[in-house]
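Single-letter residue listing:
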Amino acid sequence: MALSTPLSQLSVALPTGIDGSSRSMIKVQSISFTEKSRGLLLRLDSKSRSLSVNKRSTICMSLQQASRSKVSVTPLELEDPKETPLNLYRPKEPYTATIVSVERIVGPQAPGETCHILIDHDGNVPYWEGQSYGVIPPGENPKKPGAPHNVRLYSIASTRYGDSFDGKTASLCVRRALYYDPETGKEDPSKAGVCSNFLCNSKPGDKVKITGPSGKVMLLPEDDPKATHIMIATGTGVAPFRGYLRRMFMEDVPSFKFDGLAWLFLGVANTDSLLYDEEFASYLKDYPENFRYDKALSREEKNKKGGKMYVQDKIEEYSDEIFKLLDNGAHIYFCGLKGMMPGIQDTLKRVAEERGESWEQKLTQLRKNKQWHVEVY
């Protein structure tokens, strides 16, 4: 379905409960549909400075702000704790949460399937941006008969307020893990990823056992609102950075007013594999002074040597600027498959040597200054 011209200045009723039973009237400036998101895009009335959603909103991920307005969040008490929430629920006593929605977020030409999983924890498993949840899939551990499956960790792809802005949900970005026999080329369901397939196959209302939250290395430092944050991701490694960016540019948090630079490098196979691209593009449009967004599409672009364009090639392209930012205190984050790091490290080492610097000494200093943040899997 497509609308060649937007409808303008009307009010629509949208479901705000998890079950869609309760409805609220929201005045919008325009409505349009996009093939990429397959979702309703709302442009808020330009007179409105914020959209307050007090109940569970199901419009969450497809919301677009107009005129740099931000979304009100609640409860603001989530800003109060001084101690990072850690391991509130452990594998022996996990929390039983509920699946709200599962949405495929890649196009038809993407290799593989990646889903956005929205989970309702009812405010009982609070977390901070950059942390992870553990998920225990149902069933028995084949290596330990009678025991549950091992915990699988997933970076949380939302802010502490969740996609519904009420502090009661969390989102995961999950790529379905499949196995293909190298000889026959056929899929072998018996070797498919247990947890990723459980999550991607889930239906609204299904229960999911979660642990955590865990992790401190990827927490977003907020002591300096003018800081520079360089984020480097491959594939679903973009998850924590989506949380950072929503906090910086989408949410109206009175105690956090970001006025620095956020620079995202995202490496994926092709255009159809881009994750949350419309969200990031909207920040680029609304906050050009504070946000930069560079993509490396390995199957569509070539690097300067004629090879495939990987994220490390983009880093090399902007290496002088990146090194200057690091020298001035910028934080740099890496998240994705562990295989991404050797190529990136080699690139940074080569660039450092070309600049007459020792990469080992520089890396030691970055770690000492707590500017270096890595989470790979």
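Along each chain, the written sequence defines residue order, and numbers are assigned to residues from 1. Only residues with pLDDT of at least 70 are given local features in this predicted model, and only at 80 or more are side-chain atom pairs given and counted; all residues enter the totals for whole chains, interfaces and linings. Think of the side-chain values as coming from all heavy atoms in the structure, minus any hydrogens and water.

The chain goes by Ferredoxin--NADP reductase, chloroplastic in an unreviewed UniProt entry, where it is assigned to Cardamine amara subsp. amara. UniProt positions are given in the numbering used here, feature names are shortened, and annotations may be inferred rather than shown by experiment. Under the heading Subcellular location (unreviewed entry), UniProt records this for the chain: "Plastid, Chloroplast". Quoted verbatim from the Catalytic activity (unreviewed entry) field of UniProt, the annotation for the chain is "2 reduced [2Fe-2S]-[ferredoxin] + NADP(+) + H(+) = 2 oxidized [2Fe-2S]-[ferredoxin] + NADPH".

Asks: What is the right way to look at the side chain of Asp-163 in this model?
Replies: For helices the rule is a DSSP run of H or I covering at least 4 residues; for strands it is a run of E covering at least 2, with both sets numbered from the N terminus onward. Relative to the assigned elements, Asp-163 resides in the loop between strand S9 (152-155) and strand S10 (169-175). Each residue gets one of three labels from its accessible area relative to the maximum for its type: buried under 20%, exposed over 50%, partly exposed in between, using a 1.4 Å probe on protein chains only. Of the residues examined, Asp-163 reaches a relative accessible area of 0% and is grouped as buried. Counting of polar contacts relies on pairs of N or O atoms within 3.5 Å, with two restrictions inside protein: one atom must be capable of donating a hydrogen and the other of accepting it, and residues adjacent in sequence are counted only when both atoms are side-chain atoms. In terms of polar contacts, Asp-163 uses its side chain to reach the side chain of Ser-171, at 3.1 Å.

Asks: Mind showing me how you'd approach the packing of helix H6 (residues 340-354) against helix H7 (residues 359-368) here?
Replies: A packed helix pair is summarised by two numbers, namely the angle formed by the two axes and the spacing between the axes. Only the contacting stretch of a helix is used when fitting its axis, a line to C-alpha atoms as for every element, and angles between N-to-C directions run 0 to 180 degrees. The N-to-C vectors of H6 and H7 enclose an angle of 115°; their axes lie 9 Å apart at closest approach. Judged by the angle between their axes, H6 and H7 are roughly perpendicular. Mapping the contact onto sequence places Gln-345, Leu-348, Lys-349 and Ala-352 in H6 and Trp-359, Glu-360 and Leu-363 in H7. When residue character is reported, Ala, Val, Leu, Ile, Met, Phe, Trp, Tyr, Cys and Pro are called nonpolar, Asp, Glu, Lys and Arg charged, and the others, Gly included, polar. Considered class by class, the residues forming the contact of H6 with H7 number 4 nonpolar, 1 polar and 2 charged. Should an angle lie under 35 degrees it is considered roughly parallel, over 145 roughly antiparallel, and from 65 to 115 roughly perpendicular; all remaining angles are considered oblique. What makes two residues a contact is simply this: any of their non-hydrogen atoms within 4.5 Å.

Asks: Before we go on, may I ask you to explain the layout of surface pockets in this structure?
Replies: Over the atoms, a rolled probe matching the size of one water molecule traces out where space is still vacant. Approximately 1,200 Å³ is the volume found for the largest pocket. Considering the residues around the largest pocket, the lining is formed by 43 residues, among which Thr-234, Gly-235, Thr-236, Leu-337 and Tyr-377 are closest to the centre. When contributions to the lining of the largest pocket are tallied by element, the ones reaching two or more residues are S9, S10, helix H1 (194-201), strand S14 (261-268), helix H4 (311-317) and strand S17 (372-376). For the lining of the largest pocket, the element with the highest residue contribution is S9, accounting for 4 residues. Tallied by class, residues from the lining of the largest pocket come to 22 nonpolar, 15 polar and 6 charged. Space inside and on the surface of the protein is sampled on a 1 Å grid over the protein atoms alone, with a cavity defined as a set of points where a 1.4 Å probe fits but cannot get out and a pocket as an open set with protein on both sides within 12 Å along at least 5 of 7 lines; lining residues have an atom within 4 Å of a point. Grid points are joined across faces, edges and corners, and a volume is the space filled by probe spheres set on the points.

Asks: Honestly, the sheet that holds S14 in this entry has me stumped. Any pointers?
Replies: Sheets are built from strands that pair by backbone hydrogen bonding, the pairs being arranged parallel or antiparallel. Think of it this way: DSSP has to see at least two bridges between two strands before they count as a pair. Pairing is parallel across the open sheet formed by 5 strands, whose spatial order is S15-S14-S12-S16-S17. The open sheet has two free edges, formed respectively by strand S15 (291-297) and S17, since each of these has just one partner strand. Across the sheet, the mean angle from the axis of one strand to that of its neighbour is 10°, orientation sign disregarded. Two elements, strand S16 (residues 331-336) and S17, share 5 bridges in a ladder whose sense is parallel. Residue pairing in the sheet places Phe-334 in a bridge with Val-374 of S17. Across the sheet, helix H3 (residues 277-286) is in contact with S14 and S15; its angle to S15 comes to roughly 140°.

Asks: Which parts of the structure should I look at to understand the UniProt feature "binding site: NADP(+)" (unreviewed entry) in the chain?
Replies: Under the feature "binding site: NADP(+)" (unreviewed entry), the UniProt entry names Ser-155, Arg-175, Thr-236, Ser-298, Arg-299, Lys-308, Gly-336, Leu-337 and Glu-375. Lining the largest pocket, from the residues just named, are Ser-155, Arg-175, Thr-236, Ser-298, Arg-299, Lys-308, Leu-337 and Glu-375. Topologically, Ser-155 is positioned in strand S9. Its relative accessible area of 12% is what places Ser-155 among the buried residues.

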